[in-house]
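Descriptive analysis of the structure
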Amino acid sequence: MNKGLLIVVSAPSGCGKGTILKEILKDERFYYSVSATTRDPREGEIDGVHYRFYSREKFEQLVSENIMLEHAEYCNNYYGTRGDIVEEMRNKGKDVILEIEVQGAMNVMKKCPDAVSIFILPPSVKELERRLRKRGTEEEEVIAERLSKALDEISHANQYKYIIVNNALEDAIDDFRAVIKAERLKAEYAGEILDEVVKNA
Ligand code: 5GP
């Protein structure tokens, strides 16, 4: 069995990343990596589903044991990805998806050059603004803050291997699947297939 891919996905909020991933994850070949955090669970959040909720002590211990693939501190709480679980799932042939912010993604790319990094863009910042307003739940100030954060994140998009523009949802999902298909077809993953083809020649 071939080892699964490591897929890193980032996007500013309002780009439809959640909807795209929900569709992609219907295929059981993928495994969604649940991040670890030291923040308290919000209402409705389930341990092991939305996050792995750890104490600061436990998180720091995992960092010191080099078990975290990447981690960052945000609003006085740690967030990170458990490298041991990522490896275990990849070894089982699963393509592991990390949904993390830009800094975390950069750290993973440095550590794992084979990671398939994907940045999802809105068709335009104007359109992103329209989508954020359409949600109707956000104050003007929050919208302005999100837009400025989005612009900062977008400035790193060219450091990813792939960029997908979410103009029409179906097309963005097709593009995502095309990226994964091409990655799986790379010669470096074809060792076993090659052996099989030339067997008994
Ligand atoms: P929240 O507390 O709102 O769920 O998340 C706060 C921030 O932490 C978001 O920007 C989110 O992208 C980031 N985050 C969530 N999981 C991880 C992770 O595993 N690693 C890193 N570096 N950031 C994460």
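It should be noted that the structure appears before, not after, this text.
Description of the structure in this document. All of these numbers come straight from a predicted model, not from anything done at the bench. (Residues numbered from 1 in each chain as written. Predicted model: local features only at pLDDT ≥ 70, side-chain atom pairs only at ≥ 80, totals over all residues. Heavy atoms only, no water.)

Some points on the site of the ligand
In the vicinity of the ligand lie 13 residues, with Ser 35, Arg 39, Tyr 51, Glu 70 and Tyr 79 positioned nearest. Tyr 51 is positioned such that a nitrogen or oxygen atom in its side chain is 2.5 Å from an oxygen atom of the ligand. Between an oxygen atom of the ligand and a side-chain N or O atom of Tyr 79, the distance comes to 2.5 Å. Surface burial for the ligand is 81%, taken as the share of its 520 Å² of free accessible area covered by protein chains. Applying the majority rule of atoms within 2 Å of the grid points places the ligand in the largest pocket. Sorting the residues of the shell around the ligand by element identifies β5 (68-74) and β6 (77-82) as the ones contributing at least two each. The residue makeup of the shell around the ligand, split by class, is five nonpolar, four polar and four charged. (Near = heavy atom within 4 Å. Polar contact = N/O pair within 3.5 Å; in protein donor to acceptor, adjacent residues only side chain to side chain. Areas by Shrake-Rupley, 256 points an atom, 1.4 Å probe, with all protein chains shown as cover. 1 Å grid on protein atoms, 1.4 Å probe; cavity = no way out; pocket = protein on both sides within 12 Å on 5 of 7 lines; lining within 4 Å. Sits in = over half its atoms within 2 Å of the grid points. Helix = DSSP H or I, 4+ residues; strand = E, 2+ residues; numbered from the N terminus. Nonpolar A, V, L, I, M, F, W, Y, C, P; charged D, E, K, R; others polar.)

Considerations on the side chain of Thr 37
Its location among the elements puts Thr 37 in strand β3 (residues 36-37). For Thr 37, a relative accessible area of 0% puts it in the buried group. Contacts of Thr 37, omitting those with residues within four sequence positions, involve Tyr 51, Arg 52, Phe 53, Tyr 54, Phe 59, Tyr 78 and Tyr 79. (Buried < 20%, exposed > 50% of the residue type's maximum accessible area, 1.4 Å probe, protein only. Contact = heavy atoms within 4.5 Å.)

Some points on the nonpolar core
Within the largest apolar cluster, 25 residues are counted, with the highest numbers of intra-cluster contacts made by Ile 7, Ile 118, Phe 176 and Ile 180. Within the residue set of this core, elements represented by two or more residues are β1 (6-10), α1 (17-24), β8 (116-121), α5 (125-134), α6 (140-154) and α7 (169-184). Ranked by residues supplied to this core, first place goes to α7 with five residues. Every residue in contact with Ile 118, bar those within four places of it in the chain, is listed here: Ile 7, Val 8, Val 9, Ser 10, Tyr 160, Tyr 162, Ile 164, Phe 176, Val 179 and Ile 180. Judged by nonpolar contacts, the second largest core, of 21 residues, contains Ile 100, Met 109, Ala 157 and Tyr 160. (Core = buried A, V, L, I, M, F, W, Y, C linked by side-chain atoms within 4.5 Å.)

Concerning the environment of Pro 123
Counting through the fold element by element, Pro 123 comes out in the loop between β8 and α5. Accessibility expressed as a relative area gives 33% for Pro 123, which makes it partly exposed. The sequence separation of Pro 123 and Leu 6 amounts to 117 residues, and the corresponding C-alpha distance is 26 Å. Non-local contacts of Pro 123, meaning those with residues more than four positions away in its chain, are made with Arg 131, Val 165, Asn 166 and Asn 167.

Quick look at the sheet that holds strand β9 (residues 162-165)
Spatial strand order, β2-β7-β1-β8-β9: five strands in an open sheet with parallel pairing. Whereas interior strands pair on both sides, the edge strands pair on one side only; in this sheet they are β2 (30-32) and β9. Adjacent strand axes in the sheet meet at a mean angle of 25 degrees when their direction is disregarded. Summarising the sheet, β2 and strand β7 (residues 95-99) pair through three bridges and their orientation is parallel. Each bridged residue has a counterpart across the sheet, and for Tyr 31 the counterpart in β7 is Val 96. (Pairing = 2+ DSSP bridges. Axes fitted to C-alpha atoms, helices over the stretch in contact; angles between N-to-C directions.)

Any functional reading would require information beyond the geometric quantities listed.
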